[in-house]
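If you want the building blocks of each chain, they are given just below.
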Amino acid sequence: MKLLHIETSGVNCSVALTDNDTLLATKAQNAGHFTHSENLHLFIETVMTTAGVPLSSLDAIAVSAGAGSYTGLRIGIATAKGLCFALEKPLIAIPTLQILAHQTQGNCIIPMLDARRMEVYSAVFNSAYQFVSPTEAKILDEHSYQEELNRGKVTFLGDGSTKFATICKHPNAVFIPNAFPEAKDMLPFAIEKYTKQDFEDIAYFEPTYLK
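Residues numbered from 1 in each chain as written. Predicted model: local features only at pLDDT ≥ 70, side-chain atom pairs only at ≥ 80, totals over all residues. Heavy atoms only, no water.

Novice: Help me out: how do you make sense of the nonpolar core in this one?
Specialist: The nonpolar side chains of a soluble globular protein tend to be buried, and buried together. Ranked by internal contacts, the top residues of the largest apolar core, which has 25 residues, are Ile92, Ile94, Ile109, Phe125 and Met186. Where this core is concerned, the elements lending two or more residues are strand 4 (60–64), strand 5 (91–94), helix 3 (96–101), strand 6 (109–114), strand 7 (119–125) and helix 6 (187–195). The element best represented in this core is helix 3, accounting for four residues. Beyond its immediate sequence surroundings of up to four residues, isoleucine 109 is in contact with Ala101, Thr104, Ala123, Val124, Phe125, Asn126, Tyr129, Thr155 and Leu157. Leu58, Cys84, Ala93 and Phe205 belong to the second-largest nonpolar core, a separate cluster that totals 24 residues. (Core = buried A, V, L, I, M, F, W, Y, C linked by side-chain atoms within 4.5 Å. Buried < 20%, exposed > 50% of the residue type's maximum accessible area, 1.4 Å probe, protein only. Helix = DSSP H or I, 4+ residues; strand = E, 2+ residues; numbered from the N terminus. Contact = heavy atoms within 4.5 Å.)

Dropping the structure here:
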């Protein structure tokens, strides 16, 4: 099962190619600003060439579905849709925060994407990376996530967690600020959806913008 993964929800532009549970090639760049329109197609070409795999041999294309940057999501999803149409391959959509959560382990994981001012896109996940609470746009204050923190260790990660670290002094809070969604972390979720034939309607699928 060969899958191409595309993640462009933020300033990190990344692409990965996998065969079953093996990572064949990956390419990513975080320039601190959006370079997706210039780099995404080059990154796709690079990973396919590096692995020696033609686009025609792909079984599906997986894309980060949001929340995230309007511009970043549009570029990634438009590219994925175009490839799916041209190659007649199915489209798999993975929630961005689930992709980010996969970068750490713990009983309670809360990834946060910066949404400007004191607002973040966030969700709560358990140790199996299943949603405990859905993706939401949340305005942070010192009382945010007190229920989860009072129950035990909570890992906050992502560029949005930096803001929460300045106001959250709870001893159970752990922060991983320099984390960004990566295409390679889409793999287990994409395999699960492919196995279940859980595909999107290529013509009508839209990302989760939240605002």
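Novice: Explain the layout of surface pockets to me, please; I cannot follow it from the model alone.
Specialist: Picture a little ball the size of a water molecule; that probe, rolled over the atoms, points out where space is still empty. Put simply, the second largest pocket is a space of about 170 Å³. If you go around the second largest pocket, the residues you meet are Ile94, Pro95, Gln98, Ala128, Tyr129, Gln130, Phe189, Glu192, Lys193, Lys196 and Asp198. Partitioning the lining of the second largest pocket into residue classes produces five nonpolar, two polar and four charged. (1 Å grid on protein atoms, 1.4 Å probe; cavity = no way out; pocket = protein on both sides within 12 Å on 5 of 7 lines; lining within 4 Å. Points joined across faces, edges and corners; volume = space filled by probe spheres on them. Nonpolar A, V, L, I, M, F, W, Y, C, P; charged D, E, K, R; others polar.)

Novice: What is the right way to read the packing of aromatic side chains from this model?
Specialist: The description of two aromatic rings rests on the distance between their centres and on the angle between their planes. For the coordinates displayed, the defined rule picks out nine aromatic pairs. In this structure an aromatic cluster arises from ring pairing among Tyr145, Phe156, Phe164 and Phe175. Seen from the ring of tyrosine 145, lysine 138 lies directly overhead, with NZ or CZ sitting 5.0 Å from the centre. (Phe/Tyr/Trp six-rings, centres within 6.5 Å; stacked < 30°, edge-to-face > 60°. Lys NZ or Arg CZ within 6 Å of the ring centre and 35° of its normal.)

Novice: Mind showing me how you'd approach the environment of isoleucine 75 here?
Specialist: By the secondary structure assignment, isoleucine 75 is in helix 2 (residues 70–87). As for isoleucine 75 and alanine 128, which are separated by 53 residues in sequence, their C-alpha atoms are 30 Å apart. In contact with isoleucine 75, not counting residues within four places along its chain, are Thr8, His36, Ser37 and Leu40.

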